Amino acid sequence: MWWCLCQPVLALELTPHEQAGKRLYREGVSSSDAQLLARVGASDISVPASVLPCASCHGNDGRGRSEGGVRPPSLDWQRLALGAGERESNRRRYPAYSDASLARVIRTGIDPGGNRLDPAMPRFELSLADQRNLTAYLKRLDEDRDPGLEEATLRLGTLLPQQGPLAEAGRVVRAVLEDAVEQLNQQGGVHGRRLQLVVQDPGYDVASTAQAFQTLLQAQVFALVAPLAPLLEAQAVEAAGVPWVGATPRAGGNRQVFDPLPGLPEQLLSVALHAREALGQERLQIVYAGAGQAAAAETLHQRLRQMGWSPPPVQVFDGTPPAGEGIVYLGHAQAFAELAASLQAAGRTPYLLAASGQVASVVAELPAQWSRRVLLAYPFVPGDWTMQGRAALAGIQRRQGLDARQASLQVSTWCAWRLLAEALRQVGRDASREQLLDALEQLHDVDTGLTPLLGFGPGRRQGLAGAHVVAVSLPGPGFIEVAPYRAAPDSP
């Protein structure tokens, strides 16, 4: 049974000195709370150490990650001090480190062999207490594994409703994830670790969602996959430092959130470009319903302006039919139906542009007058499905007894899983959350067999950057693809 609420191995216990060293390493904060300074570059420019803590370049795991063309070395104490001892490379001596030589290199940037480190390495003036704390922690750093990573187990988590309006969606996501975990474990897991999935019900409100998220963290999950938690605040995810692969949480994402699908602005930009090029719609009125849509509406407005358009100010739908021959809508499905009814009552049938994920449930109810006047953004369509992709999806549906009419949710869940599984394979057995984030960021052209190629990049956290455009034929409804997928232009 994959619904695992097992007792996890406890995190590494650190002494007070090691805890203080960990804080200094990760945050650049002294045990005395006094401000520490770092000297950077050949000119010894002083900046607060909190701006350049050790972990910002060496990573929380101490293994180092490329930054501005510089690859900081690993801080593994076994390698630094207890390895093979003195060695030579490029005519330089590299003796093993001691506590004293470590303090020296941190202060001066000169290693035990007298070699001057790259000027990009900051130098820190530490008190004796801070230096001892940092040294103590560096000696335990290799043991300080991230949560959820054990010798034979890699623990993942998700938030899925069991009751309420999202309960059926939660059931579908559970089934897809259950199948994916089982199939991967049958193949030996990931680098010798079997996967376990911890599931919590986020409940109905902000408080219960926050509590469920904290319970997941207490269960020590390594990463989250395909959660359905629309009320979870993005700040909570950022503060926890846990990688998240799935739909972006409320109020936007951050460095840790990787969304396989495009956001609303990117989807609607694809439809807007089609409306301009194929229908001659130059001035589009952006309308939204619900306070939660305001930010996305303003982002879309700004993107259109950056592309040289002159859209009128964003408008809230209050029941009054908006002006314009092309209306871009963001909001829930019922308000979309009310928008169409208000326009029809005014004797108008402008083009209505929307995201399928928001309004598809009500388009069948629209009168025939709206036929081919409703254009929807679809991140993926059946035309994207390869033979292998169809077979994979059919296998999941058969094994889990899933309805093919729920394919959209099944595909989006599968995409989140594929991206996470691929990144886990790439980071290797000595994984960390930091390495996982780097691996996710470096994923390119991942072929799911069910979508356009997925991928991320520096600062890019959406696997797709556009959408297909589909016209709705009424009555029916029928769905006709009128423009293939294309990525929306990057904002300047």
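Refer to the structure presented above.
Residues numbered from 1 in each chain as written. Predicted model: local features only at pLDDT ≥ 70, side-chain atom pairs only at ≥ 80, totals over all residues. Heavy atoms only, no water.

Caption draft 1: Expanded view of the environment of Ile-110. By secondary structure assignment, the location of Ile-110 is in the loop between helix H4 (99-108) and strand E5 (123-124). Sequence spacing of Ile-110 and Arg-123 is 13 residues, and the spatial spacing of their C-alpha atoms is 9.7 Å. Contact partners of Ile-110, with chain neighbours within four places excluded, come to Arg-104, Val-105, Asn-115 and Arg-116. (Helix = DSSP H or I, 4+ residues; strand = E, 2+ residues; numbered from the N terminus. Contact = heavy atoms within 4.5 Å.)

Caption draft 2: Structural context of the pairing of strand E7 (residues 194-200). Within E7, five of the seven residues are buried, which leaves the element mostly enclosed by the surrounding structure. In terms of strand pairing, strand E6 (residues 153-159) meets E7 through seven bridges, oriented parallel. Its bridge partner being in E7, Thr-158 is matched across the sheet by Val-199. Following the backbone out of E6, through helix H6 (residues 167-186) and into the adjacent parallel E7, one traces a crossover that is right-handed. (Buried < 20%, exposed > 50% of the residue type's maximum accessible area, 1.4 Å probe, protein only. Pairing = 2+ DSSP bridges. Right-handed = clockwise from strand over helix to strand, strands pointing away.)

Caption draft 3: Focus on the side chain of Asn-254. Counting through the fold element by element, Asn-254 comes out in the loop between strand E9 (244-245) and strand E10 (257-258). There is a polar contact of 3.3 Å between the side chain of Asn-254 and the backbone oxygen of Ala-234. Setting aside residues no more than four positions away along its own chain, Asn-254 makes contact with Ala-234, Val-237, Glu-238 and Arg-461. (Polar contact = N/O pair within 3.5 Å; in protein donor to acceptor, adjacent residues only side chain to side chain.)

Caption draft 4: Focus on unusual backbone geometry. The omega torsion across Leu-474 and Pro-475 is -5°, close enough to zero to call that bond cis. Looking at the element boundaries, Pro-475 is found in the loop between strand E16 (466-473) and strand E17 (478-487). At the junction of Gly-476 and Pro-477, the peptide bond is cis and its omega measures out at -5° in the coordinates. Note on placement: Pro-477 falls in the loop between E16 and E17. A positive phi angle, close to 50°, is found at Ala-226, a residue other than glycine. If you trace the backbone, Ala-226 turns up in the loop between strand E8 (223-225) and helix H8 (234-240). The backbone of Arg-372 sits at a positive phi, close to 65°, despite the residue not being glycine. Locating Arg-372 in the fold gives a position in the loop between helix H12 (356-359) and strand E15 (374-378). Arg-372 sits in the partly exposed class, given a relative accessible area of 44%.

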